[in-house]
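Given next are the chains, with one letter for each unit.
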Amino acid sequence: MKTSSQKQKHAEDISLFILFISTFFLDLTGLPLHQWIGVIAGAIMAYHLLTHFAWIKCVTRRFFNGTSGQARLFYVVDGLLLAGMLAILLTGIIMSTWLNLALPNYDAWHTLHVVVSIAT
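Residues numbered from 1 in each chain as written. Predicted model: local features only at pLDDT ≥ 70, side-chain atom pairs only at ≥ 80, totals over all residues. Heavy atoms only, no water.

## Quick word on the overall build of the protein
Okay, so step 1: The number of helices and strands found in the protein is five helices and zero strands.
Okay, so step 2: Secondary structure elements of the protein, listed N to C terminal, follow the sequence α-α-α-α-α.
Okay, so step 3: By sequence separation, contacts in the protein at least 24 residues apart represent 53% of the contacts at least 6 residues apart.
Okay, so step 4: For the protein, the accessible surface area stands at approximately 8500 Å², while carbon and sulfur atoms represent 72% of it.
Okay, so step 5: Averaging the locations of the 7 positively and 5 negatively charged side chains of the protein gives two centres separated by 23 Å. (Helix = DSSP H or I, 4+ residues; strand = E, 2+ residues; numbered from the N terminus. Contact = heavy atoms within 4.5 Å. Areas by Shrake-Rupley, 256 points an atom, 1.4 Å probe, with all protein chains shown as cover. Lys, Arg positive; Asp, Glu negative; His and termini not counted. Charge placed at Lys NZ, Arg CZ, Asp CG, Glu CD.)

Written as structure tokens, this is what we have:
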């Protein structure tokens with residue numbers, strides 16, 4: 001039987017996945033909702049990191065000596081997902097209508113945003 005803590009963590013994971021996938025459908029969400037979904041996903045991601053900080057700290061300390069192969073694999077996958085999500089958030093905020101930055105190379109930022117999103 002799953003504990004309420006495990007159920008909460010699964011709910012966070014499912015919420016992040018649904019929000020992430022929903023941002024791919026810009027025609028359905030529109031740009032303003034796309035941007036808000038990205039910010040909300042970023043906030044849930046930050047909360048997720050905080051709630052799993054003990055695990056991150058433990059595996060980081062024992063990564064090369066004294067942890068299971070499964071924990072190492074999850075750690076690497078989680079690290080790659082974190083890097084991807086941070087890149088998506090950063091490029092999205094830079095291109096956002098909220099900041100309204102005059103980007104002479106907007107197409108390059110947009111391409112990077114899309115490629116990293118698909119790769120993630």
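Picking up where we left off.
## Here we look at unusual backbone geometry
Okay, so step 1: In this structure, Asn100 is a non-glycine residue whose phi angle is positive, near 50°.
Okay, so step 2: The topology assignment puts Asn100 in the loop between α4 (69-95) and α5 (106-119).
Okay, so step 3: With a relative accessible area of 64%, Asn100 lands in the exposed category. (Buried < 20%, exposed > 50% of the residue type's maximum accessible area, 1.4 Å probe, protein only.)

## Some details on a nonpolar patch on the surface
Okay, so step 1: On the surface, a nonpolar cluster with roughly 910 Å² of combined accessible area is contributed by Ile14, Phe17, Ile18, Ile21, Phe24, Phe25, Leu28, Val114 and Ile118.
Okay, so step 2: Taken together, the elements giving at least two residues each to the nonpolar patch come down to α1 (4-22) and α5.
Okay, so step 3: Broken down by element, the nonpolar patch gets its largest block of residues, four residues, from α1.
Okay, so step 4: Of the residues examined, Ile18 reaches a relative accessible area of 51% and is grouped as exposed. (Patch = residues over 30% accessible without salt bridge, like charges linked within 9 Å, V, L, I, M, F, W, Y side chains within 5 Å. Salt bridge = Lys/Arg side-chain N within 4 Å of Asp/Glu carboxyl O.)

## Observations concerning the layout of surface pockets
Okay, so step 1: Quantified by volume, the largest pocket comes out at close to 950 Å³.
Okay, so step 2: Lining of the largest pocket is provided by 26 residues; of these, Asp13, Leu16, His48, Asp78 and Leu81 occupy positions nearest its centre.
Okay, so step 3: Elements with a contribution of two residues or more to the lining of the largest pocket: α1, α2 (26-51), α3 (53-62) and α4.
Okay, so step 4: With ten residues, α4 is the single largest residue contributor to the lining of the largest pocket.
Okay, so step 5: Class assignment of the residues belonging to the lining of the largest pocket gives a composition of 14 nonpolar, eight polar and four charged.
Okay, so step 6: By volume, the second largest pocket amounts to about 580 Å³.
Okay, so step 7: In terms of lining, the second largest pocket is formed by 27 residues, of which the most central are Thr23, His34, Ile88, Gly92 and His113. (1 Å grid on protein atoms, 1.4 Å probe; cavity = no way out; pocket = protein on both sides within 12 Å on 5 of 7 lines; lining within 4 Å. Points joined across faces, edges and corners; volume = space filled by probe spheres on them. Nonpolar A, V, L, I, M, F, W, Y, C, P; charged D, E, K, R; others polar.)

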